[in-house]
Amino acid sequence: MLVTQRLSNDALYHELVADSALLDSCGIVGLYRIGDCVAPRIPADAIFDGHRLGREIDSPAPATPLPYRRERLTVGTHVSSS
C-alpha cells in the first residue's frame, strides 16, 4: 500500500503566530512546531519531536535541536579504602 501526497497542517501555528498580542496577553513566550505540523512522518519521529522539545525547552534556542549526547561509561579499577 502506498501513502502519497501527505501534507503538513500548520494552519493553527500560523494563526497563533499572527496574533502576537494574544500570545503576550496569555503569557506565552515561545511557540514551536513539532511532529506532523513540520512535515508528515512516522509516529515515532513525531513523538520524538515532542520529547526532544520537552527536554530542551529551556535551552537558548528550543526550535533548534541540540547535538545528541552520548554517555560513555568506562570501567576502571576500584580502590578499596581499607
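Residues numbered from 1 in each chain as written. Predicted model: local features only at pLDDT ≥ 70, side-chain atom pairs only at ≥ 80, totals over all residues. Heavy atoms only, no water.

(A) How the structure looks around the pattern of salt bridges. For the coordinates displayed, the defined rule picks out four salt bridges. Between D10 and R33 there is a salt bridge; the shortest N-O distance is 3.2 Å. Placement of D10 in the segment before α1 (11–18) and of R33 in the loop between α2 (20–25) and α3 (43–56) is noted, with a sequence separation of 23 residues between them. Looking at R33, the relative accessible area reads 36%, which means it is partly exposed. The salt bridge partner of D49 is R41, with a shortest N-O separation of 2.9 Å. Here the salt bridges do not stand alone but share partners, grouping R52, R55 and E56 into one network. (Salt bridge = Lys/Arg side-chain N within 4 Å of Asp/Glu carboxyl O. Helix = DSSP H or I, 4+ residues; strand = E, 2+ residues; numbered from the N terminus. Buried < 20%, exposed > 50% of the residue type's maximum accessible area, 1.4 Å probe, protein only.)

(B) Region of interest: the side chain of D10. Of note is the side chain of D10, whose polar atom sits 3.0 Å from the side chain of H14. Contacts of D10, omitting those with residues within four sequence positions, involve R33 and C37. (Polar contact = N/O pair within 3.5 Å; in protein donor to acceptor, adjacent residues only side chain to side chain. Contact = heavy atoms within 4.5 Å.)

(C) View of α3. When the terminal C-alpha atoms of α3 are compared, their 20 Å separation across 14 residues agrees well with the 20 Å that a helix rising 1.5 Å per residue should span. Residues D49, R52, L53 and E56 constitute the buried set of α3. On an axial view of α3, the arc spanned by its buried residues comes to 95°, and they lie on one face. For α3, the exposed residues lying more than 90 degrees away from the buried face are P43, I47 and G54. (Expected span 1.5 Å × (residues − 1). Arc of directions from axis to C-beta.)

(D) Quick peek at the packing of aromatic side chains. By the definition in use, this model includes one aromatic pair. Taking the centre distance of 6.5 Å and the plane angle of 35° together, the rings of F48 and Y68 count as tilted. Taken together, the residues F48 in helix α3 and Y68 in the segment after α3 connect sequence positions 20 residues apart. For Y68, a relative accessible area of 74% corresponds to the exposed category. Positioned above the aromatic ring of Y13, the side-chain terminus of R33 is 5.2 Å from the ring centre. (Phe/Tyr/Trp six-rings, centres within 6.5 Å; stacked < 30°, edge-to-face > 60°. Lys NZ or Arg CZ within 6 Å of the ring centre and 35° of its normal.)

Read these as geometric descriptors, not functional statements.
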